[in-house]
Amino acid sequence: MALTVAVQMDPIQSIRIAGDTTFGLMLEAQARGHSLYTYTPDRLSMQGRLVTAYAQPVTVQDVEGAHANLGGPERIDLAQVDVVLMRQDPPFDMAYVTATHMLEKVAGRTLVVNDPAEVRNAPEKLFVLDFPELMPPTLISRDRAEIEAFRKEHGTIAMKPLHGHGGAAVFRVSEEDPNFGSMFDLFSATFREQWVVQRFLEKITEGDKRIILVDGEPMGAINRVPAKGDIRSNMVRGGAAGASQLTEREREICATIGPELRRRGLILVGIDVIDGHLTEINVTSPTGIRTIKRLGGPDLAVSVWDAIEARLSARRSAGA
């Protein structure tokens, strides 16, 4: 089936295509004969029940620097396209939340991936708390007494922003670290919401595995190892990615969370696992499929579009 696909994303001209999951999804959509439009979230508007975007038709090719050929802007009714890919990068702030509310208005007629209401209801570092048995000990708080008691119980901890991304502002704090007070003051002044405090997982030096699930099923993984002298494995922070297979524990984690991902309409999800502990469930704009393919794994863009087309077929059959 030929589909019309609108991609809500950061400016396509500035992306680095070698590792960009959104670009991989667009390449596969185009290969299937689907028509593509792209727009940035600031071009999204709503008037009554009408949700529109000033979008540009686009064709793509896997050539760095010449990867996108854009047409002129057109005002499109998002209820009239088949699929919207909500793929702008975090932060998960009020602008992001507002976009989910707007796209929710068309989600009954247009398939929005991932489901915008469930993206809003599943912040990555909070949704994961639905599965405490899979996680390291974790506290969500900005109360100093609570954090100090947690640190006393668990020793070395990791502190990070609740709605952070890309490994920004992640700190390792030992039980006797004299910098804790200053760090507490810095977090208190910088972040209005609570932050994440977790027992530090020493085996982060061996890697932080990113596992991609498509419609609740694990489809591929990479292991990201932090650079020397850093605890952050994110590739934008210097982490090095290597091919990886799933352990029995990781398959158990996926089998536990998979049904809930499917129920929520979260088609493309990336989870992070350190030493057999689930630490995050990424639903906003998960990445990794291009890297998995580059390292010899499957092209998961194929699996994602198979899942999208299956969902559309089921919708149309139900409405027939």
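Everything numeric here is computed off the predicted structure, so don't read it as measured data.

Enquirer: Where do I start with the overall build of the protein in this structure?
Expert: Of the regular secondary structure elements, the protein holds 9 helices and 17 strands. The C-alpha atoms of the protein give a radius of gyration of 20 Å, which matches the 20 Å a tight globule of 320 residues would have. Along the first, second and third principal axes, the C-alpha atoms of the protein reach 60 × 45 × 40 Å. Across the 320 residues that make up the protein, the buried fraction comes to 51%. Looking at the protein alone, contacts between residues at least 24 apart form 68% of all its contacts between residues at least 6 apart. Element-wise, carbon and sulfur atoms account for 48% of the exposed surface of the protein, whose accessible area totals about 14400 Å². Averaging the locations of the 36 positively and 42 negatively charged side chains of the protein gives two centres separated by 2 Å.

Enquirer: I keep staring at the domain arrangement of the protein and nothing clicks. Help me out?
Expert: By convention, interface size is frequently given as the accessible area that disappears when the constituent parts associate. Taken as a whole, the protein is organised into domain 1 (2–113), domain 2 (136–199) and domain 3 (202–298). If you average the C-alpha positions of domain 1 and of domain 2, the two centres end up 36 Å apart.

Enquirer: I keep staring at the packing of helix 1 (residues 21–31) against helix 9 (residues 300–319) and nothing clicks. Help me out?
Expert: Packed helices, taken two at a time, are described by the angle between their axes plus the distance between the axes. The N-to-C vectors of helix 1 and helix 9 enclose an angle of 65 degrees; their axes lie 9 Å apart at closest approach. Pair helix 1 / helix 9 crosses with right-handed handedness. Contact residues: Gly24, Leu25, Glu28 and Ala29 in helix 1; Ala301, Val302, Val304 and Trp305 in helix 9. Residues belonging to the contact of helix 1 with helix 9 are distributed by class as follows: 6 nonpolar, 1 polar and 1 charged.

Enquirer: What is the right way to read the packing of aromatic side chains from this model?
Expert: What the rule picks out here adds up to 7 aromatic pairs. Consider the rings of Phe127 and Phe131, whose centres lie 6.0 Å apart with planes at 65 degrees: the pair is edge-to-face. Each ring, one from Phe187 and one from Trp195, has its centre 5.3 Å from the other, and the planes form 70 degrees; the classification is edge-to-face. By way of ring pairs, the aromatic residues Phe171, Phe180, Phe184, Phe187, Phe191 and Trp195 are connected into one cluster. Looking at Arg144, its charged tip hangs above the ring of Phe184, at a distance of 5.4 Å from the centre. Seen from the ring of Phe200, Arg172 lies directly overhead, with NZ or CZ sitting 5.2 Å from the centre.

Enquirer: Sorry if this is basic, but what is going on with the pairing of strand 7 (residues 83–86) here?
Expert: Consecutive residues of a regular strand have side chains that alternate between opposite faces of the sheet. Residues Val83 and Leu85 point to one face of strand 7 and Val84 and Met86 to the other, with burial holding for every one of them. As paired strands, strand 1 (residues 4–8) and strand 7 are joined by 4 bridges and run parallel to one another. Across the sheet, Val7 pairs through a bridge with Leu85, a residue of strand 7. Two elements, strand 7 and strand 8 (residues 111–113), share 3 bridges in a ladder whose sense is parallel. Residue Val83 lies in a different strand from strand 8, and its bridge partner there is Leu111.

Enquirer: Would you take a moment to explain the sheet that holds strand 13 (residues 208–214) for this structure?
Expert: The pairing of strands in a sheet comes from backbone hydrogen bonds and takes either a parallel or an antiparallel form. Spatially, the 5 strands line up as an open sheet ordered 15-14-13-16-17, and their pairing is antiparallel. Across the chains shown, the open sheet's two edge strands, defined by having one partner strand only, are strand 15 (240–243) and strand 17 (277–282). Each strand axis lies, on average, 30 degrees off the axis of its neighbour in the sheet, ignoring direction. Where strand 13 lies against strand 16 (residues 268–274), 6 bridges are found, and the strand directions are antiparallel. The partner of Lys209 across the bridge, within strand 16, is Val273. Its contacts with the sheet put helix 9 on strand 13, strand 14 (217–225) and strand 16, and the angle it makes with strand 13 is roughly 35 degrees.

Enquirer: How should I be thinking about helix 6 (residues 180–190) in this particular structure?
Expert: Structurally, the α-helix is built with 3.6 residues per turn, so residues lying three or four positions apart point the same way. Taken together, the buried positions of helix 6 are Phe180, Gly181, Met183, Phe184 and Phe187. Take helix 6 and look down its axis: the buried residues cluster within an arc of 160 degrees, on one side only. Turned more than 90 degrees away from the buried face of helix 6, the exposed residues are Ser182 and Ala189.

Enquirer: Hey, could you run me through empty space enclosed by the protein in this one?
Expert: Tallied over the entire structure, the rule returns 1 cavity of 30 Å³ or more. As a volume, the largest cavity reaches approximately 50 Å³. The residue makeup of the lining of the largest cavity, split by class, is 8 nonpolar, 2 polar and 1 charged.

Enquirer: I would appreciate a short explanation of the nonpolar core in the present structure.
Expert: As a rule of thumb, soluble globular proteins bury nonpolar side chains together. Counting residues in each nonpolar core, the largest one holds 44 residues, and the members touching the most others are Tyr39, Leu44, Leu78, Ile271, Leu278 and Ile281. Among the secondary structure elements, those contributing two or more residues to this core are strand 2 (35–39), strand 4 (50–60), strand 7, helix 2 (94–104), strand 13, helix 7 (248–263), strand 16 and strand 17. Ranked by the residues each element gives to this core, the list is headed by helix 2, at 5 residues. Mapping this core onto the domain boundaries places at least three of its residues in each of domain 1 (2–113) and domain 3 (202–298). Within the second largest apolar cluster, 33 residues are counted, among which are Val7, Ile12, Leu27 and Ile292.

How each quantity is defined
- Chains are numbered independently. Their residues run from 1 in the order of the written sequence.
- Given that the model is predicted, a residue must reach a pLDDT of at least 70 before its local features are reported, and side-chain atom pairs must reach 80 or more before they are shown or counted; all residues, however, enter totals for whole chains, interfaces and linings.
- Based on all heavy atoms of the structure, the side-chain values leave hydrogens and waters out of the count.
- Runs of E in the DSSP output that reach at least two residues are strands. Runs of H or I that reach at least four are helices, and both are numbered from the N terminus.
- For a compact globule the rule gives 2.2 Å times the number of residues to the power 0.38, and the radius of gyration it is set against comes from C-alpha atoms.
- Categorising residues by exposure relies on relative accessible area from a 1.4 Å probe, with only protein chains included: less than 20% of the type maximum marks a residue as buried, more than 50% marks it as exposed, and the intermediate range marks it as partly exposed.
- Whether two residues touch is decided by their heavy atoms; if any such pair falls within 4.5 Å, the residues are in contact.
- All accessible areas in this document rest on Shrake-Rupley with a 1.4 Å probe, and a residue is counted as covered only by the protein chains that are shown.
- Counting rule applied: Lys, Arg positive; Asp, Glu negative; His and chain ends not counted.
- Where a charge sits is defined by one atom per residue type, namely NZ (Lys), CZ (Arg), CG (Asp) or CD (Glu).
- For each domain, the first and last residues come from an automatic or database assignment.
- Here, axes are lines fitted to C-alpha atoms. For helices the fit covers the stretch in contact, and angles between N-to-C directions go from 0 to 180 degrees.
- Crossings are assigned a handedness: left-handed for a near helix turned anticlockwise from the far helix by less than a right angle, right-handed for a clockwise turn.
- Following the grouping adopted for this structure description, the nonpolar residues are Ala, Val, Leu, Ile, Met, Phe, Trp, Tyr, Cys and Pro, the charged ones are Asp, Glu, Lys and Arg, and the polar ones are all others, Gly among them.
- Aromatic rings from Phe, Tyr and Trp, with only the six-membered ring used for Trp, were paired whenever their centres fell within 6.5 Å, and each pair was classed as stacked if the ring planes differed by under 30 degrees, edge-to-face if by over 60, and tilted otherwise.
- Any Lys NZ or Arg CZ that is within 6 Å of a ring centre and within 35 degrees of that ring's normal is treated as a charge sitting over the ring.
- By definition, two strands form a pair when at least two bridges between them are found by DSSP.
- The arc in question is the one traced by the directions running from the helix axis out to the C-beta atoms.
- Only protein atoms enter the 1 Å grid used here, on which a cavity is any set of points holding a 1.4 Å probe that cannot leave and a pocket is any open set flanked by protein within 12 Å on both sides along at least five of seven lines; residues with an atom within 4 Å of a point are listed as lining.
- Grid points are joined across faces, edges and corners, and a volume is the space filled by probe spheres set on the points.
- To qualify as a nonpolar core, a set must consist of buried Ala, Val, Leu, Ile, Met, Phe, Trp, Tyr and Cys residues joined through side-chain atoms within 4.5 Å.

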